[in-house]
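One-letter residues, chain by chain:
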Amino acid sequence: MTDQTVLSYLDENLLPFFFCPGCGHGMITEQLNAALVKLQLDPHKVVIVTDIGCSGLADKYFTTNAFHGLHGRSVTYATGIKLANPELKVIVLMGDGGCGIGGHHLINAARRNIGVTVIVFNNFNYGMTGGEHSVTTPMGGLTSSTPFGQLEKTMDICQTVAVNSASFTARTTSFEKSLPDMLAAAIQNEGFSLVDIWELCTAYYVPNNRFNKSMLLSSLDQLGFKTGILQHTPRAEYTQAYRESVALQAGKPAMPAHPIQARYRSDLDKRMGMVIAGAAGKKINSAASLFCRAAVLSNLWVSQRNDYPVTVKSGHSVSEVILSPEQIGYTGITKPEVLLLLFKEGLPAVKSQLDMMDEQGIVYANSELLPIHTRARVVPLGFKKSDTWAAKKEYWVIIALARLLLDTNFFPLDAFKEAVSGRAEFADNNLRAIEFALRLSA
């Protein structure tokens, strides 16, 4: 920005304003321009954000940056702009209709105390679409959607954001001569600011209610809505606080890589799809992850997809694992080569895959679940056969996977032993489960 004084932030080529005669929008737009002239902000560092509604016509008159979006979402756009570039002064122009549609955006912006200034053009109805009632229509007010009088209580926009910790709130009317000073104070506040400006909609609310300036002022008194600066409690602005909280992480990768070095060899020469079907809470997904880690230790490519209900420790738990000597593109399994059926909860989830398997496939099944209908070769697993320790159901999946490796040699069992020993608190029991598998297969 040059040292030259900015005399106006309005584009003179677009004037006069294209608002209805007597509409308060033109008055507020003029006063916002006066506030910007008072502050002498660099136009390149000011963004005016608007959404649908008559107030959304105002942004085009300014020589600043501007963004126009969907109805009620202007606060979300403004939040994103401020987060991306905290150096910008972001000013939202929205109507009372937008406050109703995007009310939760207002509340959360106030909670965060993000450095955005919201100026509400409050004329008590949706003026652009025919004068329907809004959240600020006074009780008894006549609109096209409340022809017998508004029954809902009037929303206090300032109090709504104030109780949610907005650092600056103010209310006034478009007739207030000191409005530029109030707007300037709101813009200068480093946190979230909201100025609720009451005005006249001469197209709908004024003729429908024989409303005028005097009645507008009386409505404020009747509702007990105070005017002036209602709350100014400076606190940490969100974008600044956020940057300070993550400053130590700058330049670091979001998810540091932990490469696994291959130390074993696999003779697997083709893609192999396997499914592990069990019950939630029985470490199905965890054991599948250890199996995948062991495969990577053996220089194989792997993929894993888990399926389980949103509940905890109830219902099915299924893992689909693909092993391949080559990079895996498609990660789906229609017809598995191997299926481990360990608990009854998993059976319905894999029934279609059992039906798809042919004589070339192998099913390792808990003997208590037999017989099952499949063309694949079935290998029964007697978990309770001879070892009381093996009755611990959460280790059945480790036993089954170890038995699979002993039979197929997809990769060395030692790789699996190394993988299951990664966490000391589980290592002993995992290794005991593998030893039980060795006895089971003998």
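An account of the accompanying structure is given in this report.

The rules behind these values
Residues numbered from 1 in each chain as written. Predicted model: local features only at pLDDT ≥ 70, side-chain atom pairs only at ≥ 80, totals over all residues. Heavy atoms only, no water. Buried < 20%, exposed > 50% of the residue type's maximum accessible area, 1.4 Å probe, protein only. Helix = DSSP H or I, 4+ residues; strand = E, 2+ residues; numbered from the N terminus. Pairing = 2+ DSSP bridges. Right-handed = clockwise from strand over helix to strand, strands pointing away. Expected span 1.5 Å × (residues − 1). Contact = heavy atoms within 4.5 Å. Axes fitted to C-alpha atoms, helices over the stretch in contact; angles between N-to-C directions. Parallel < 35°, antiparallel > 145°, perpendicular 65-115°, else oblique. Left-handed = near helix turned anticlockwise from the far one by under 90°. Arc of directions from axis to C-beta. Salt bridge = Lys/Arg side-chain N within 4 Å of Asp/Glu carboxyl O. Polar contact = N/O pair within 3.5 Å; in protein donor to acceptor, adjacent residues only side chain to side chain. Patch = residues over 30% accessible without salt bridge, like charges linked within 9 Å, V, L, I, M, F, W, Y side chains within 5 Å. Areas by Shrake-Rupley, 256 points an atom, 1.4 Å probe, with all protein chains shown as cover.

**Things to note about the pairing of strand β8 (residues 193–198)**
Part 1: Most of β8 sits out of view: six of its six residues are buried.
Part 2: Across the two faces of β8 the burial is the same, with Ser193, Val195 and Ile197 and Leu194, Asp196 and Trp198 all buried.
Part 3: As paired strands, strand β4 (residues 116–122) and β8 are joined by six bridges and run parallel to one another. From the neighbouring strand, Ile119 faces β8, where its bridge partner is Val195.
Part 4: Here six bridges tie strand β7 (residues 168–173) to β8, and the two strands are oriented parallel to one another. In the strand pairing of β8, Arg171 is matched with Asp196.
Part 5: With helix α6 (residues 179–188) bridging β7 and the parallel β8, this β-α-β connection has right-handed handedness.

**Considerations on helix α1 (residues 24–39)**
Part 1: Between its terminal C-alpha atoms α1 stretches 23 Å, which fits the 22 Å expected from 16 residues at 1.5 Å a residue.
Part 2: Along α1, the residues classified as buried are Gly24, His25, Gly26, Ile28, Thr29, Gln31, Leu32, Asn33, Ala35, Leu36 and Leu39.
Part 3: Where the residues of α1 are buried, they touch β1 (46–50), β3 (89–95), β4, α6 and β8.

**A closer look at the packing of α1 against α6**
Part 1: Remark: α1 packs on α6, axes separated minimally by 8 Å, with the N-to-C direction vectors making an angle of 60 degrees. Here α1 lies oblique to α6, going by the angle between them. Considering only the axes of α1 and α6, their crossing is right-handed. Where α1 abuts α6, its residues Gln31, Leu32, Ala34, Ala35, Leu36, Lys38 and Leu39 lie against Leu179, Pro180, Asp181, Leu183, Ala184, Ile187 and Gln188.

**Digging into the side chain of Asn366**
Part 1: Residue placement: Asn366 occurs in strand β14 (residues 362–366).
Part 2: If near-sequence neighbours (up to four positions away) are discounted, Asn366 is found in contact with Leu341, Leu342, Leu381, Phe383 and Trp396.

**A look at the packing of helix α2 (residues 74–84) against helix α9 (residues 238–245)**
Part 1: Contact pair α2 / α9: the axes reach a minimum separation of 9 Å and the direction vectors enclose 45 degrees. It follows from the interaxial angle that α2 and α9 lie oblique. The two elements α2 and α9 meet at a crossing, and its hand is right-handed. Facing Lys82, Leu83 and Ala84 of α2, the residues of α9 in contact are Tyr238, Thr239 and Arg243.

**Some remarks on helix α11 (residues 347–356)**
Part 1: Residues Val350, Gln353 and Leu354 constitute the buried set of α11. The buried residues of α11 all sit within an arc of 105 degrees when viewed along its axis, so they share a single face.
Part 2: Lining the buried residues of α11 we find β10 (272–279), β12 (316–324), β13 (338–341) and β14.

**A look at the pattern of salt bridges**
Part 1: Taken as a whole and judged by the stated rule, the model has 12 salt bridges.
Part 2: A salt bridge links Arg263 to Glu418; its shortest N-O distance comes to 2.0 Å. Linking Arg263 in the loop between α9 and β10 with Glu418 in helix α13 (residues 413–420), this pair joins segments that are 155 residues apart in sequence.
Part 3: Residue Lys351 pairs with Asp355 through a salt bridge whose shortest N-O separation is 3.3 Å. On the criterion of helical spacing, the pair formed by Lys351 and Asp355 is a turn pair, its members being four residues apart in helix α11.

**Brief notes about the side chain of Thr143**
Part 1: For Thr143, the position within the fold is in the loop between β6 (132–133) and α5 (157–162).
Part 2: Overall, the relative accessible area of 4% leaves Thr143 in the buried class.
Part 3: Within the local environment of Thr143, its side chain forms a polar contact with the side chain of Thr146, the two groups lying 2.6 Å apart.
Part 4: Aside from chain neighbours lying at most four places away, what touches Thr143 is Gly131, Glu132, His133, Thr137, Tyr205 and Asn208.

**Quick word on a nonpolar patch on the surface**
Part 1: A cluster of nonpolar side chains, namely Leu83, Tyr238, Tyr242 and Val246, defines an oily patch on the protein surface of about 300 Å² accessible area.
Part 2: Checked against the element boundaries, Tyr238 lands in helix α9.
Part 3: What makes Tyr238 partly exposed here is its relative accessible area of 30%.

**Some points on the environment of Ser8**
Part 1: Turning to its location among the elements, Ser8 is positioned in the segment before α1.
Part 2: Setting aside anything within four residues of it in sequence, one finds Ser8 in contact with Asn33 and Val37.
Part 3: Polar side-chain contacts of Ser8 include one of 3.1 Å to the backbone nitrogen of Leu10.

**Here we look at the sheet that holds β12**
Part 1: On the basis of which strands lie adjacent, the open sheet formed by six strands has the order β11-β12-β10-β13-β14-β15 and mixed pairing. Sheet topology places β11 (301–307) and β15 (377–381) at the edges, where each strand pairs with a single neighbour. For this sheet the average axis-to-axis angle between neighbouring strands, irrespective of direction, equals 15 degrees.
Part 2: As defined by bridge partners, β10 adjoins β12 across eight bridges and the pair is classed as antiparallel. The residue bridging Met272 from the neighbouring strand is Leu323, located in β12.

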